[in-house]
Structure formats: C-alpha cells, structure tokens
Amino acid sequence: MAGATAIAGTPPLLRAEVKQDGRLLVPWALLTTLLSASSMIYPLVFPSDQDKAAFAAAVGANPAMAIIFGPAYDLSTADGFNAWRALSLGGLLAALGVIFAVTRATRAQEDSGQAELLASGVMGRASRLAAAVWMCLVFSIVLGLVTGLVTVAFGGGWNASMLIAATMSATAWMFTGVAAVTAQLGSDARTANSLAVGTLGVLFIARGVAYALEAPDWAIWINPLAWMTETKPAVDDNWWPLLLAAALTLVLLAVAFVLQARREFGAGAIAPRPGPARGSARSTWRLALRINRGPLLTWTIAFIGLGFVFGYLATSVNDILGGDAALQQALASGAADSAGLVSAFLVTILSLVGILASIPGVQTMLKVRTEELEDRVEPLIATATARARYFASNVVIALAAPAVYVLIAGLLIAALTASADIGVEFGDAFLQAVATVPAVWTVIAIAVAVIGARPQVVLASWIGVLASFGLTILGPTFNLWDWVLAISPFWHVPGVTDPDADWWGLVWISLVTVLFLAIGFAGFRRRDLART
Amino acid sequence: MSAGEAVIDVRGLTKSYGKFKALQGLDLHVERGQVHGFLGPNGAGKSTTIRVLLGLLKGDGGSAQVLGHDPWKHVVDLHRRLAYVPGDVSLWPGMTGGEAIDLLGSLRGGLDERRRADLIERFELDPSKRGRQYSKGNRQKVAIVAALSSNVELLILDEPTSGLDPLMENVFQEVIGEAKANGATVLLSSHILSEVESLADRLSIIREGAVVQTGTLADLQQGSRSTIHATLSAPVPQSALEGLSDIHVDGDRLRATVDSAEVGAAMTRLAPLGITALTVEPPSLESLFLRLYETDSTDRAAS
Ligand SMILES: Nc1ncnc2c1ncn2[C@@H]1O[C@H](COP(=O)(O)OP(=O)(O)O)[C@@H](O)[C@H]1O
Ligand SMILES: [Mg+2]
C-alpha cells in the first residue's frame, strides 16, 4: 500500500520523461547497432584465412587492444570477430547512455528545481526514480533488440548476434541500477554521474587487465562486466550469465529505492557542509581551478591507476605474446617481429592513454558552456575581466591537465617497462608519452573552437575524441586506408624508437591545434554570451 | 534633455534574437547622480538593454554609450567603474556566498572591506553557506552585497529586489539611497512601479523594445488614477462621490478611482463621514500603461 503511494503518478511522468529525454537515448542505440552490424564486413576486409590469422596476430594479440576489447576467442569468423570487437565496447556505450539518462531524469532535474514543481503535484516520492528506471530498463531491451536484429540482417548468426546484443542490454540494466544508486549518493548531478562513470571505468579496465593477464578466476567472477565476456558468444554461447546480471540489477534497484526513501529532497547522502566566509579564489584562473578541482583530483588518481595497470601490462608483454599461438606462428613466419610488436604495443597503449586523457580536457570546455548557460559567466564578464582572459583560464586547464595526465601515466609505464627487461629504455618510453601530448591537444582544441565559436552544436566538441578512438583504435579492425587513418591526430605520433620516425607530423597537427584555438578565442570574444 | 552629464546614452538601439526583434529603436538617457527607474512588463526588453550596456550582447543598430564609451569596445575599463546585479542570480553550487562576493569584488578591482561587513550584517546574510543551499532571495542578496561593496560610479541593477522579503527590500532602498548620496548613478529596472517610485528621480517606461515615455514620477502620473478602498462609519452620500469614478459601494464600503492629483480633495470630502479603514493604491504600472495606450490612440485620432 505504502509502496503504491510512493510511486503514484509514475505513468504520466514516464510519458513526459520519454518525450523530453527519449531522443537523447537514441544515439547510444545507434552507436551499438553500428558497432555490431559493421563487424559483418570482416570477411570482406580480411577474405583469406591467412589475412585473418595475420590480423589476429597483429591486432588481436596486442594487449593494449585486449584492455578495450577483452579476449579474442575466435577471430576466424565474422561472429567471433563481432564478439571480440562489439561485446565490451557495446556494453560500455549502452551503460554510458543509461547512466546519463538516469542522472538527467532524477538528480539534474532536482538541481534545476523542475522536479520540485512536479513533486508538489500528485506524485509519490519515489515516482521520479521509478519513471527514470522504467525508461532505461525498457530502453536497454530495445537497444539490444535493434542491435541484434540489424546485425542478423547484415549476415550475423542468430544465436551469436542476439547474445552479443543481449550482453549490451544486460550491461545497461546493471548500470541503470548503479546510476539509480549513485543518484541518491551524490549531492548533485555531476557527482552522481562521476560516481557511476567512475564505477564503470574501473570495472571496465579491471576486466581488460584480468583477461590480458589471464588473472585467476575470482578476478573474473567478482566483476559484473566480466560475466558478460563469459557468455563467450560464437564460441560457447552461454546465456546463463545474463541471469546474474538481472539479479544484480534487482539488488541495486532495491538499494536505490531504500536510499531514496531515506534522503531529503534535493540532498544527497553526502551532505554539503558550511564553508569559508571569505574567498581565496580571486582571479578567473583560481576560479577555473576551483570549479574543476573535483574532476582534476579524480582524473589524476585515475591516471596514476592507469599508469600502473598499463605499465604492469607492458612488463608482461613478452609472456602474453609468448602465450599466443597464432602470434607465435606469425612471428615464426616472419610476418611480425618481436621488437616491432613491443614498440607497436607501446605506441598503441600511449595513444589510448592520450585519447582517454583528452576526455577530461573536453569536459573542462563543456563546463565553460554549462557555466555560461547557468548565468554564471555573465556576472564575471560584467566585472573588469576581459572575455579572452576568462576563456584562457579555462583553456589552459583544459590543455595542461590532460598533458599532465599523459605524462603521469607515461612516467609510470616507462618506469615499469624499463624495469622489466623487454628491450625498452625508460627514456624512449617516456619520450613516447611526451610525443603523444600534441595529439591530445589537437583533440581538445576542437572542443575549444566549438565552445568558443559555435556552442549551439556543443556535441561537436566530442568529434575529436570520437574520431581518434574510431580511427586509431577501431580503424585497424576495418583495415582502413592510411589517408583515412591520418585524420586522427594520433596517427601522426611517431614511434620514437623507429629509426626513420617522421616528426613533422607533430608540427602539422600542432598548427591545426593553433588554428582551432584561434577560432575558439576569436569566437568567444565576438559572440553574444549565454544566447542560444 | 537638461545639461547634466549623460552617464548612459542610448539612441535608436535595435537588437534581434533571430527573427524576433527584442529592441526596436530604444532611447535611454541617464544623467550623473540620478537614480533612473527602468520600468516595463516582463519581456519588454529591460534585460536585453542592460546586457547591451554591459557589452555582453552586441547591439545590431543604433548607438549605446556608457560613461562616455562604447560598451562593446571598452568593456574592461568600463567595468572597473560599474557594478551589476543580474536578474537571475546563479551562484557556484559548491562555493560559499562569501567566496562569491570576494571573487566578484576582486575581479572588479577590489572591494571595500568595511562596506562588505556592514552590508552582510544589514542584509542578514550567512556568507558561509554554499551556493546550492541559498534560496532565491539569498542569492539575490549575495549579488547585491557583491555589487555594492565596491565603490563604483554606476550601478546597473536588473530587477534586484525580486525574491527579497519586504524587510530586506527596505534595507535595499536605504542602501541605494546611501549610494546615491555618495554620488553614484543608478539604473534600476523593475516590472513593479512601487518598487522604484520612492527611489527614482526619473523613470523610463519600456514596452515591446522601445521606451514609450520618460520623465519624473509626477510627469508620468499626471492624469493617471489611484484606487481608494475605504470603510466608512456612515452610509455613503452622493455628494461625497464627486470627482471619483469606477465607483463600487457595498453598504459602508467604498471602492473607487481618483485622479492622482485629486487624492487630497477626495479625502477632504470623505473624512467627515468617519473613515474606519482606508487604503490608497498608487497608480499601478498597468494603469499607467492603460493611460499611455489611451494617449497613443487619441494622438493618432488627433493627427
Ligand atoms: N536568447 C533569447 N532568444 C530569443 N529570445 C529572447 C532571448 N532572450 C530574450 N528573448 C526575448 O526578448 C524579449 C525581451 O527579453 P528581456 O530583455 O529578457 O525582457 P525583460 O528583461 O524586460 O523581461 C522577450 O520577449 C524574450 O522572450
Ligand atoms: Mg529581465
């Protein structure tokens, strides 16, 4: 009875929710569908068994790739390829989609006061959360169905394709639960999102490492994301791990609703305390640091963690390569050489670090836009603060922090690889990290240009990250032409140990960076503020 | 215009948002030392005008001068000499009110510590609360304290009292009075006439993106009507109703309107009847508007 009144008014709320936020979910389903269905071109790209074997050796066995894609059980068929390429990444995308949706529909609306308006109507205390959860649970299933059916339509095997898609749905279910919990813990939308995305990130990397290092079973069974990998589509087709996911979802949702019933409206479990009556942030520069303080700290810790994980992975690169039969074959036949593989591994892993580091850079720029839309820039510009100075304070953080992240992770990776006697010098590995930084800056400079000059298309800020990821990490799985791959700034990062490394590429991409920065600054100086 | 130095001088200003014309040839003159009321209904274009004056928006046509300079080109120098309270104050969620005041003050080039302490006390503001914990009125207070803590020549206030309780509104009026006594010029926008009438030396009324009338309060109220609500101890005789119109009598209760200049005469006629309760509502912005519409149409009929 009490339960029924707590969620009174959910259906109309759900309808309003779907109308308002539903379209923001669509891109995530498109991405997973594209990811999975595009795997079906595998036989066209790699027609012969020999091609497939070479591919498996060069890309499938690169442990840096394994961190993202998980283990490659069988790269001899399109379905097996799809399971390797789409399962973990698709789950990641679906989970991100629902995390943002749950937070948007609960926390963000509470922050904006929109929820209060509704809460005063005929509505149970829990209905907002209930509506958000329903929307995301149903969306997860739709995402799976669309992804699976489209993949089958493009030639995927029924069982394997549907299972791969189902793991995406299941991952989205679990993270609907996680986000429902973090929405109760954080005291605002940003904290709630960070907690949920952070959980996803840690579990994702942990899974990658666990499989790359052939970690003990317990490391796999304590990680819900690894349950998804254990379905082994196209090899074993285990459906039962999905039941574990459903059970975990129920537990998380139960926890979320209990927490929700206990907290006050607008508050989180982590309550804000009174602060100093006097301020020390007295310049736009200090303000920018202050606003980004939380993320700066979190990301620094994240990259120290990444540095250790990737560094450790690098130390065992020879064991991993040695354990790969297909690779041994390729090595024996001369199709690959061991030193080259180690170097390629290092370049890839640092590109990956670079791409990940550009994400907080783009976020810093997006924050500039949020501040503007929430009317917090206007009072600042109305003081004796030049627009360029305000913008510059934020751009400096957006560029400098990711560079530091790459260097931190690079330092750890270099130190660990140098200690492991795999033929990589500390100096070379660290120099490789340094050489990656200009590419990171190019990616972030795109966001600077967008936010400065055309903030209406704020999503375009992510173009750099998406293109880099798509071309540098996914590109090789499509066997794309060099001129296409060269669109990614990371393609221009030379391998420092390569005797005929071409350093000019870094000069060119830096010119592009300068151009984008100039566009951003010119735009921000000239445009109306906070006008949409 | 009189010979005073123009602190704000706007001529024929236009500004569009896409196809929508928010300002259509707006003129505004504010002289040094004046408190100038900028009155208009919601959506009339007050905030848009103010944002152009602050160089936050770029006007499409016409000219705008603040303290003798173009606000779009000389932003930084100008902003050192003025302070602004926005209509919708939004604070940094994790930053305390005190920190926000210090930040804004420092960016303007420093604030007067004594004034800061004094204002915080008078507005009964708790500066150690975080931005997200303040109510609308308290956020407004933070912005007001931040603006008034610096010694500036020009204060631009966009509906600064929305959300303040009546007690705090009194404090606000006092504080603006002091600023004026110290020689500051004030542009004070509002959609409620009574908010500005006690402070403003001159008023400009804006409607649909253009100033339709400007002058002193007395100028504007000429020919406008106040509303009287009275409860009398005797039945109301016909003779007492002279000069009143829109009369509603209900037993001993009377409601009517009277030409604002005739309020005193009407009182003299009602007083002998024994007034037990009385309110006189000054002309509302709406009634001023009604009159402006009327003069508009009579002017047109005359020409
Ligand atoms: N960014 C915008 N885009 C489109 N129209 C706007 C925008 N900002 C304001 N307007 C419109 O311009 C008109 C004037 O707005 P504003 O200056 O804020 O009015 P006021 O402050 O007098 O209430 C309103 O009709 C409003 O809807
Ligand atoms: Mg306004």
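For chain B, the name recorded in an unreviewed UniProt entry is ATP-binding cassette domain-containing protein, with Agromyces seonyuensis as its organism. Its UniProt record gives chain B the following Sequence similarities (unreviewed entry) comment, quoted word for word: "Belongs to the ABC transporter superfamily." UniProt annotates chain B under Subcellular location (unreviewed entry) with the comment "Cell membrane".

Per an unreviewed UniProt entry, chain A is named ABC transporter permease, and its organism is Agromyces seonyuensis.

Another aspect to go through is the overall build of chain A. When helices and strands are counted, chain A shows 24 helices and zero strands. When burial is assessed residue by residue, chain A has 54% of its 532 residues classed as buried. Sequence-distant contacts in chain A: of pairs separated by 6 or more residues, those separated by 24 or more amount to 78%. On chain A, roughly 22,300 Å² of surface is accessible, and the fraction owed to carbon and sulfur atoms is 69%.

As enumerated under the stated definition, the model contains six cavities of 30 Å³ or more in all. In this structure, the largest cavity occupies an estimated 110 Å³ of space. Per-element accounting of the lining of the largest cavity gives the leading share, five residues, to helix α6 (residues 78-112) of chain A. The class makeup of the residues in the lining of the largest cavity is nine nonpolar, four polar and one charged. Forming the walls of the second largest cavity are P379(A), A382(A), T383(A), Y84(B), P86(B), L104(B), R108(B), A143(B), A146(B) and A147(B). Every element with two or more residues in the lining of the second largest cavity is listed here: α3 (97-108) and α5 (136-148) of chain B. Ranked by residue count, the leading element in the lining of the second largest cavity is α5(B), at three residues. Among the residues making up the lining of the second largest cavity, the classes are represented as eight nonpolar, one polar and one charged.

This part covers the interface of chain A and chain B. Chain A puts 37 residues into the contact, and the matching count from chain B is 39 residues. Taking both sides of the interface into account, the surface hidden between chain A and chain B amounts to around 3,300 Å²; carbon and sulfur atoms contribute 53%. Our enumeration of links across chain A and chain B arrives at six salt bridges. Of the charged contacts in the structure, one is a salt bridge between R278(A) and E113(B), with a shortest N-O distance of 2.8 Å. Inspection of the chain A/chain B interface yields 24 residue pairs in polar contact (both at pLDDT 80 or more).

Next up on the list: the sheet that holds strand β11 (residues 244-250) of chain B. What holds strands together in a sheet is hydrogen bonding between their backbones, with the strands either parallel or antiparallel. Residues and elements named next belong to chain B. What the four strands build is an open sheet, ordered β11-β12-β10-β13; its pairing is antiparallel. Because the sheet does not close on itself, it has two edges, and the strands there are β11 and β13 (275-281). Each strand of the sheet is rotated relative to its neighbour by a mean of 15°, with strand direction disregarded. Pairing of strand β10 (residues 225-232) with β13 involves six bridges; the strand directions are antiparallel. Along β13, the bridge assignment pairs H229 with T279.

Quick look at a nonpolar patch on the surface now. Residue and element names in this part refer to chain A. Residues W134, V138, V142 and V146 make up a contiguous nonpolar surface patch of about 360 Å² in total accessible area. Positionally, V138 belongs in helix α8 (residues 127-153). Accessibility expressed as a relative area gives 45% for V138, which makes it partly exposed.

All right, on to the environment of V465(A) then. Counting through the fold element by element, V465(A) comes out in helix α22 (residues 463-478). What V465(A) contacts, discounting residues up to four positions off in sequence, is I355(A), S358(A), I359(A), V362(A) and V443(A).

So, about helix α6 (residues 166-181) of chain B. Residue and element names in this part refer to chain B. An ideal rise of 1.5 Å per residue puts 22 Å on 16 residues; α6 measures up with 23 Å between its terminal C-alpha atoms. Every buried residue belonging to α6 is among M168, E169, V171, F172, Q173, V175, I176 and A179, and all of these are buried. Structurally, α6 contributes buried residues whose contacts are with α4 (113-122), α5, β6 (154-158), β7 (185-190) and α7 (193-197).

Residue and element names in this part refer to chain A. Position of L346 relative to the elements: it lies in helix α18 (residues 338-373). For the pair L346 and A414, spaced 68 residues apart in sequence, the C-alpha to C-alpha distance is 9.5 Å. When neighbours within four sequence positions are excluded, L346 is seen to be in contact with I413, T417, V424 and A429.

Okay, the sheet that holds strand β9 (residues 210-215) of chain B next. Residues and elements named next belong to chain B. Here we have six strands laid out as an open sheet, ordered β5-β6-β7-β3-β8-β9, and mixed in their pairing. Two strands close off the open sheet at either side, each with one partner strand: β5 (82-85) and β9. With strand direction ignored, the average angle separating the axes of adjacent strands in the sheet is 15°. For β5 and β6, the ladder comprises four bridges, and the chain directions are parallel. From the neighbouring strand, L82 faces β6, where its bridge partner is L154. Those strands touched by α5 are β5 and β6, and its axis lies near 175° from that of β5.

Next up on the list: the domain arrangement of chain A. Residue and element names in this part refer to chain A. According to the domain assignment, chain A contains domain 1 (1-269) and domain 2 (286-532). Contacts between the two partners involve 25 residues from domain 1, matched on the other side by 29 residues from domain 2. Taken together, the two surfaces of domain 1 and domain 2 that pack against each other cover about 2,200 Å², and 79% of this comes from carbon and sulfur. Among the residues of domain 1 in contact with domain 2, P63, R190 and L213 are the three that bury the most area, contributing 22% of the side total. Linking domain 1 to domain 2 there are zero residue pairs in polar contact (both at pLDDT 80 or more). Only α4 (49-60), α5 (63-69), α6 and α10 (189-212) provide two or more residues apiece to the side of domain 1 that touches domain 2. The greatest single-element share of the side of domain 1 that touches domain 2, amounting to six residues, is contributed by α5. Within the side of domain 1 that touches domain 2, the residues separate by chemical class into 21 nonpolar, two polar and two charged.

Quick reminder: α-helices carry 3.6 residues per turn. Residues three or four places apart thus point the same way. Residues of helix α14 (residues 284-291) of chain A that are buried include every one of T284(A), L287(A), A288(A), R290(A) and I291(A), and no others. For α14(A), the angular spread of the buried residues around the axis is 160°, confining them to a single face.

Residues and elements named next belong to chain B. Bridge count for strand β8 (residues 202-207) against β9 is five bridges, and the pairing is antiparallel. Considered in β9, the bridge of S204 is made with T214. Taking the residues between adjacent antiparallel strands as the criterion, β8 and β9 are bridged by two residues, where E208 takes a positive phi near 45°.

Rules and cut-offs
Residues numbered from 1 in each chain as written. Chains lettered and ligands numbered in written order. Predicted model: local features only at pLDDT ≥ 70, side-chain atom pairs only at ≥ 80, totals over all residues. Heavy atoms only, no water. UniProt positions renumbered as here; feature names shortened; annotations may be inferred. Helix = DSSP H or I, 4+ residues; strand = E, 2+ residues; numbered from the N terminus. Buried < 20%, exposed > 50% of the residue type's maximum accessible area, 1.4 Å probe, protein only. Contact = heavy atoms within 4.5 Å. Areas by Shrake-Rupley, 256 points an atom, 1.4 Å probe, with all protein chains shown as cover. 1 Å grid on protein atoms, 1.4 Å probe; cavity = no way out; pocket = protein on both sides within 12 Å on 5 of 7 lines; lining within 4 Å. Points joined across faces, edges and corners; volume = space filled by probe spheres on them. Nonpolar A, V, L, I, M, F, W, Y, C, P; charged D, E, K, R; others polar. Buried area = accessible area lost by both parts, 1.4 Å probe. Salt bridge = Lys/Arg side-chain N within 4 Å of Asp/Glu carboxyl O. Polar contact = N/O pair within 3.5 Å; in protein donor to acceptor, adjacent residues only side chain to side chain. Pairing = 2+ DSSP bridges. Axes fitted to C-alpha atoms, helices over the stretch in contact; angles between N-to-C directions. Patch = residues over 30% accessible without salt bridge, like charges linked within 9 Å, V, L, I, M, F, W, Y side chains within 5 Å. Expected span 1.5 Å × (residues − 1). Domains from an automatic or database assignment. Arc of directions from axis to C-beta.

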